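Reading the structure
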Amino acid sequence: MTINLHYIDELISVRRTLHGGQRGAPPLASGQIRQGESLNRSCIVLLSAILQVFVEGVFERESKHTFSRLLAPTVWDSYWKQIGRPGNPSDENIKKLFLRIGIPDVFVGLSWQGTNTTKIKQNLKLLNELRNGIAHGRSVLRSNNRRYGLTLAEVVRLRDFAEHFGQRFEHHVQSFR
């Protein structure tokens, strides 16, 4: 299973075009809101949704492998309704989701160059905090109870994190078999 970041890439491209790649902060569009901020926020909400669908897909495939009886469509439908929606792709929600199929901590051993397990969990937590702040209409975003300035560079960093996560996560989950 692959993660499709096409829509994020398109929004990032539009955002770059808007600012023209100039140095410094974009001009104020209205009051204290910077030009392009809505695109940055849109990227975060969309990235969270894409990761949620990706993680759910990996979980579905691994559940069907773990519990072969789930292959009957009516059984799978009953199972999926029973477990409920796993929620946003925070590290805790992902961990709880995979615990349902006997993986105590799905993040153990997941890492790549420059990104250890702790950093993976921190990035997922950050993405979830930002998504929640945006989705709940907060004008000031916060992470770890501190004001957080969402820049295009940070959007790109989180996009790249999601790409690396998507390239490794399903194979990592399969390693628990």
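In every chain, residue numbers begin from 1 and rise along the written sequence. In view of the model being predicted, local features appear only for residues whose pLDDT reaches at least 70, and side-chain atom pairs are presented and counted only at 80 or more, with totals across whole chains, interfaces and linings using the full set of residues. Note: side-chain values were computed over all heavy atoms of the structure, leaving out hydrogens and water.

Turning next to the overall build of the protein chain. Think of it this way: any DSSP run of H or I at least four residues long counts as a helix, any run of E at least two long counts as a strand, and we number them from the N terminus. In terms of regular secondary structure, the protein chain is built from 6 helices and 4 strands. Each helix and strand of the protein chain, ordered N terminal to C terminal, gives the series α-β-β-α-α-α-α-β-β-α. With respect to the principal axes defined by its C-alpha atoms, the protein chain has extents near 55 × 35 × 30 Å. Accessibility here uses a 1.4 Å probe with only protein chains present; expressed as a share of the type maximum, an area under 20% marks a residue as buried, one over 50% as exposed, and anything in between as partly exposed. Burial status across the protein chain gives 42% buried among its 177 residues. For the protein chain, long-range pairs separated by at least 24 residues make up 67% of all intrachain contacts whose partners lie at least 6 apart in sequence. Should any heavy atoms of two residues lie within 4.5 Å, those residues are considered in contact.

The next subject is the pattern of salt bridges. Every case where a carboxyl oxygen of Asp or Glu lies within 4 Å of a side-chain nitrogen of Lys or Arg is listed as a salt bridge. As enumerated under the stated definition, the model contains 12 salt bridges in all. In this structure, Glu60 engages Lys64 in a salt bridge whose closest nitrogen and oxygen atoms are separated by 3.0 Å. In this pair, Glu60 and Lys64 both sit in helix H2 (residues 37–66), 4 residues apart, roughly one turn of the helix. Of the residues examined, Glu60 reaches a relative accessible area of 29% and is grouped as partly exposed. Owing to a relative accessible area of 25%, Lys64 belongs among the partly exposed residues under this scheme. For Arg159, the salt bridge identified is with Glu163, shortest N-O distance 2.9 Å. Of this pair, Arg159 and Glu163 are both found in helix H6 (residues 152–174), 4 residues apart, which corresponds to roughly one turn of the helix. One salt-bridge network, held together by shared partners, links Asp9, Arg159, Asp160 and Glu163.

Next up on the list: the packing of H2 against H6. Think of two packed helices as two axes; the pair is described by the angle between the axes and how far apart they sit. Across the interface, H2 lies against H6 with an axial gap of 11 Å and an inter-helix angle of 0 degrees. Here H6 runs roughly parallel to H2, going by the angle between their axes. Counting all contacts with H2, which are made through Asn40, Cys43, Ile44, Leu47, Leu51, Phe54, Val55, Val58, Arg61 and Glu62, the residues of H6 involved are Leu152, Val155, Leu158, Arg159, Ala162, Phe165, Gly166, Phe169, Glu170, Val173 and Gln174. Of the residues assigned to the contact of H2 with H6, the class counts are 14 nonpolar, 3 polar and 4 charged. Axes here mean lines fitted to C-alpha atoms, for a helix over just the part in contact, with angles spanning 0 to 180 degrees between N-to-C directions. Roughly parallel means an angle under 35 degrees; roughly antiparallel means over 145; roughly perpendicular covers 65 to 115; every other angle is labelled oblique. Three classes are used, and their members are as follows: Ala, Val, Leu, Ile, Met, Phe, Trp, Tyr, Cys and Pro are nonpolar, Asp, Glu, Lys and Arg are charged, and the others, Gly among them, are polar.

The description of two aromatic rings rests on the distance between their centres and on the angle between their planes. Side-chain rings of Phe, Tyr and Trp (the six-membered ring for Trp) are treated as a pair once their centres are within 6.5 Å; stacked means planes under 30 degrees apart, edge-to-face means over 60, and tilted covers the remaining angles. Within this structure, the stated rule accounts for 10 aromatic pairs. With centroids separated by 5.4 Å and ring planes inclined at 45 degrees, the aromatic side chains of Trp76 and Tyr79 adopt a geometry described as tilted. Of the two residues, Trp76 and Tyr79 are both situated in helix H3 (residues 73–83); the distance of 3 residues between them amounts to about one turn of the helix. Seen from their ring centres, Trp112 and Phe161 are 5.9 Å apart, and the 35 degrees between their planes marks the pair as tilted. Remark: Phe161 occurs in helix H6 and Trp112 occurs in the loop between helix H4 (91–99) and helix H5 (117–135); sequence separation between them is 49 residues.

This part is about the side chain of Asn128. Within the fold, Asn128 resides in helix H5. Residue Asn128 is classed as buried on the basis of its relative accessible area, which comes to 14%. Apart from the residues within four sequence positions on either side, Asn128 is in contact with Asn88 and Ser90.

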